[in-house]
Amino acid sequence: MKLFLDKQIRCFCCFLILFLLILSGSGAWLFSLQTDSAKEMLYTRENTMISVLLEQGVSEDVIAAALANTLPEFTGSRKEAGRHIVSAAAWLSVFLMSGVFVFLRKRDRLYQKAEGIVPLRFPLDLCQYFGQKS
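Keep in mind that what you see is a predicted model, and the values were worked out from it rather than measured. Each chain has its residues counted from 1, running along the sequence as written. Given that the model is predicted, a residue must reach a pLDDT of at least 70 before its local features are reported, and side-chain atom pairs must reach 80 or more before they are shown or counted; all residues, however, enter totals for whole chains, interfaces and linings. As a rule here, side-chain values cover all heavy atoms of the structure and leave hydrogens and water aside.

1. Things to note about the overall build of the protein chain
Then, in step 1: In terms of helices and strands, the protein chain carries 3 helices and 0 strands.
Then, in step 2: Numbering of helices and strands runs from the N terminus; a helix is a DSSP stretch of H or I covering at least four residues, while a strand is a stretch of E covering at least two. Scanning the protein chain from its N terminus toward the C terminus, one meets helices and strands in the order α-α-α.
Then, in step 3: Counting over 134 residues, the protein chain shows a buried share of 13%. Each residue's exposure class comes from its accessible area (1.4 Å probe, protein chains only) as a fraction of the maximum for that residue type: buried when under 20%, exposed when over 50%, partly exposed otherwise.

Structural data, given as C-alpha cells:
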C-alpha cells in the first residue's frame, strides 16, 4: 500500500496502536477496580445482613441458603458488564482507526493532486540558477 511509504504516517499509525493498547489496558484495569469495590460493598452488606439476622434468631442454614443465591447473580452481571465494555471499546477503536485511514487517504489524494497542479502553475526551471541558458 502506497500510504505506508511515508515515515510520518507509519509513526502516526504506531502511535495510534500504542494509544489503543493503553486505552484498552486502562479500561480493563478500571473495570477490575470497579468490580473489586462492588464486591467489597456486597460483602459489607452481607455481613451487616448476617449479623442482623443472627441477632433476630434466624438459623444459619436459612442465611447460608439466602446468601448462596445472591453471588451467582453478581458474577453474571459482572460478565455481562465486561462484555459490554469490551464491545464498546472494540467499536470505538474501529471507528477511530477508520476515521484516521479516511483522513490519511484523503490527504494522500490531495498531495497527488497537488503534484499534478504545481508543475503546471509554477514551472521549475533550474537553468537560471546554474548559469546555463535554456
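Here the narrative resumes, following the displayed structure.
2. Overview of the confidence of the model for the protein chain
Then, in step 1: Predicted confidence across the protein chain gives a mean pLDDT of 78, with 78% of residues reaching 70 or more.
Then, in step 2: Ranking the elements of the protein chain by mean pLDDT puts helix H3 (residues 70-121) last, at 77, and helix H1 (residues 7-55) first, at 83. pLDDT runs from 0 to 100 and stands for how confident the predictor is about each residue.

3. Re H1
Then, in step 1: An ideal rise of 1.5 Å per residue puts 72 Å on 49 residues; H1 measures up with 72 Å between its terminal C-alpha atoms.
Then, in step 2: Inspection of H1 places Ile9, Cys13, Leu16, Leu20, Phe31, Thr35, Leu42 and Glu46 among the buried residues, and these make up the whole buried set.
Then, in step 3: Looking one or two places after H1, you find Gly57, whose phi comes out positive at around 90°. Multiply 1.5 Å by the residue count of a helix minus one, and that product is the helix's expected span.

4. Thoughts on the packing of aromatic side chains
Then, in step 1: For Phe, Tyr and Trp, where Trp contributes only its six-membered ring, two rings pair if their centres lie within 6.5 Å, and the inter-plane angle classes them as stacked under 30 degrees, edge-to-face over 60, or tilted in between. If you walk through the whole model with that rule in mind, you get 2 aromatic pairs.
Then, in step 2: Aromatic ring contacts, followed pair by pair, group Phe12, Phe15 and Phe19 into a single cluster.

5. Focus on a nonpolar patch on the surface
Then, in step 1: Like-charged residues within 9 Å of one another, or nonpolar side chains (Val, Leu, Ile, Met, Phe, Trp, Tyr) within 5 Å, are grouped into patches, provided each residue has over 30% relative accessible area and no salt bridge. Using a 1.4 Å probe, the Shrake-Rupley method yields the accessible areas, and only the shown protein chains count as cover for residues. Just to be clear on terms, a salt bridge is a Lys or Arg side-chain nitrogen sitting within 4 Å of an Asp or Glu carboxyl oxygen. Residues Phe12, Phe15, Phe19, Leu23 and Leu96 make up a contiguous nonpolar surface patch of roughly 440 Å² in combined accessible area.
Then, in step 2: Take the nonpolar patch: its biggest share by element is 4 residues, from H1.
Then, in step 3: Tracing the chain through its elements places Phe12 in helix H1.
Then, in step 4: Here Phe12 falls in the partly exposed class, since its relative accessible area comes to 33%.

6. Notes on the packing of H1 against helix H2 (residues 60-68)
Then, in step 1: Following both chains from N to C, one finds H1 and H2 inclined at 155°, their axes separated by 10 Å at the closest point. When the axes of H1 and H2 are compared, the pair comes out roughly antiparallel. Here H1 and H2 pass one another in a crossing that is right-handed. On H2, the residues touching Glu46, Met49, Ile50, Leu53 and Leu54 of H1 are Glu60, Ile63 and Leu67.
Then, in step 2: Under the grouping applied here, Gly and all other residues not named as nonpolar or charged are polar, the nonpolar ones being Ala, Val, Leu, Ile, Met, Phe, Trp, Tyr, Cys and Pro and the charged ones Asp, Glu, Lys and Arg. Residue composition of the contact of H1 with H2, grouped by class: 6 nonpolar, no polar and 2 charged. Only the stretch in contact is used when fitting a helix axis, every axis being a line fitted to C-alpha atoms; angles between N-to-C directions are given from 0 to 180 degrees. Every angle not falling under 35 degrees, over 145, or within 65 to 115 is termed oblique; those three ranges are roughly parallel, roughly antiparallel and roughly perpendicular. Helix crossings get a hand from a simple test, with the near helix turned counterclockwise from the far one by less than a right angle marking a left-handed crossing and a clockwise turn marking a right-handed one. Contacts were defined at the residue level, with two residues in contact if any of their heavy atoms lie within 4.5 Å.

7. A short note on the nonpolar core
Side chains of a nonpolar character, in soluble globular proteins, are inclined to be buried together.
Then, in step 1: Within the largest apolar cluster, 7 residues are counted, these being Ile9, Cys13, Leu16, Leu20, Met97, Val100 and Leu104.
Then, in step 2: Counting residues per element, the ones that place at least two in this core are H1 and H3.
Then, in step 3: For this core, the leading source of residues is H1, giving 4 residues. Throughout this description, the term nonpolar core refers to a set of buried Ala, Val, Leu, Ile, Met, Phe, Trp, Tyr and Cys residues connected via side-chain atoms within 4.5 Å.

8. Re the environment of Ile9
Then, in step 1: Relative to the helices and strands, Ile9 resides in helix H1.
Then, in step 2: Note: C-alpha distance between Ile9 and Leu104 (95 residues apart in sequence) is 7.9 Å.

9. Focus: the environment of Ala81
Then, in step 1: Structurally, Ala81 is set in helix H3.
Then, in step 2: Under the relative-accessibility criterion, Ala81 is labelled partly exposed at 31%.

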